[in-house]
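Geometric and topological summary
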Amino acid sequence: MQAVHAVQAVVGFKPGELTQVDTTPLWIKVLGEGGKVVSAELTTLIDVLCHSLPVLMIVPVVIGDGPVGQRSGGRATRAFH
């Protein structure tokens, strides 16, 4: 017999109680460090209850070591503690 996993909806009761982070590549170029033209991405924090964007930032894309033309590094954003 297989275990059955229940699915439960997660609901926020106050604004800011439950948020989601999303990062999306943008079709724009920006000036990065040293004035070099680089690709950018948009990182947003979305409030699940009221669907607002309390945080929105555009940052340069970070390319890691790996196959040429493929993105294998991390994001330019860092974790906040």
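Numbering of residues starts from 1 in each chain and follows the order in which that chain's sequence is written. Whole-chain, interface and lining totals are the exception, using all residues; otherwise, since this is a predicted model, local features are given only for residues with pLDDT of at least 70 and side-chain atom pairs are given and counted only at 80 or more. Hydrogens and waters are ignored; side-chain quantities use all the structure's heavy atoms.

**Here we look at the overall build of the protein**
Here is the rule: The helix and strand labels rest on DSSP assignments: H or I over at least four residues marks a helix, E over at least two residues marks a strand, and numbering proceeds from the N terminus. Relative accessibility thresholds used throughout: buried, under 20% of the residue-type maximum; exposed, over 50%; partly exposed, between the two (1.4 Å probe, protein chains only). The contact definition used throughout considers only heavy atoms, calling two residues in contact when any of these lie within 4.5 Å. Working definition of accessibility: Shrake-Rupley area with a 1.4 Å probe, residue cover restricted to the visible protein chains.
In terms of helices and strands, the protein carries zero helices and three strands. Counting every position in the protein, which comprises 81 residues, the buried fraction comes to 12%. Counted over contacts in the protein with a minimum sequence separation of 6, partners at least 24 positions apart contribute 26%. Summed over all atoms, the accessible surface of the protein reaches about 7000 Å², with 60% contributed by carbon and sulfur.

**Digging into the environment of Q20**
Its place among the elements puts Q20 in strand β1 (residues 19-31). Taking C-alpha positions, Q20 is 6.7 Å from D47, a pair spaced 27 residues apart along the chain. Ignoring anything within four residues of it in the chain, the contact list for Q20 reads T44, L45, I46 and V48.

**Some thoughts on the sheet that holds strand β2 (residues 37-47)**
Keep this limit in mind: Between any two strands, at least two bridges found by DSSP are needed for them to pair. Fitting a line to C-alpha atoms yields each axis, with helices limited to the stretch in contact; the angle taken between N-to-C directions then spans 0 to 180 degrees.
Ordered by their spatial adjacency, three strands build an open sheet running β1-β2-β3, and the pairing between neighbours is antiparallel. Looking at the sheet topology across the chains shown, the edges are occupied by β1 and β3 (55-60). Between one strand axis and the next, the sheet turns by 20° as a mean value, whatever way the strands run. With six bridges joining them, β2 and β3 adopt antiparallel strand pairing. Directly across from A40, in β3, lies its bridge partner P60.

**Focus: the pairing of β2**
The pairing of β1 with β2 spans 10 bridges and is antiparallel. Along β2, the bridge assignment pairs Q20 with I46. A loop of five residues connects β1 with β2, the two strands running antiparallel in sequence, and G34 in this loop sits at a positive phi of about 75°.

**A short note on unusual backbone geometry**
For H51, which is not glycine, the phi torsion reads 60° and is therefore positive. Here H51 lies in the loop between β2 and β3. Taking relative accessible area as the criterion, H51 reaches 64% and is therefore assigned exposed.

**Structural notes on the confidence of the model for the protein**
Let me state the cut-off plainly: Each residue carries a pLDDT score, the predictor's own confidence in it, on a scale running from 0 to 100.
Across the protein, pLDDT averages 75, with 62% of residues at or above 70. When mean pLDDT is taken per element in the protein, β2 scores highest with 89 and β3 scores lowest with 86. Scored below 50 in pLDDT, residues 76-81 makes seven contacts in the model with residues more than four places away or belonging to other chains.

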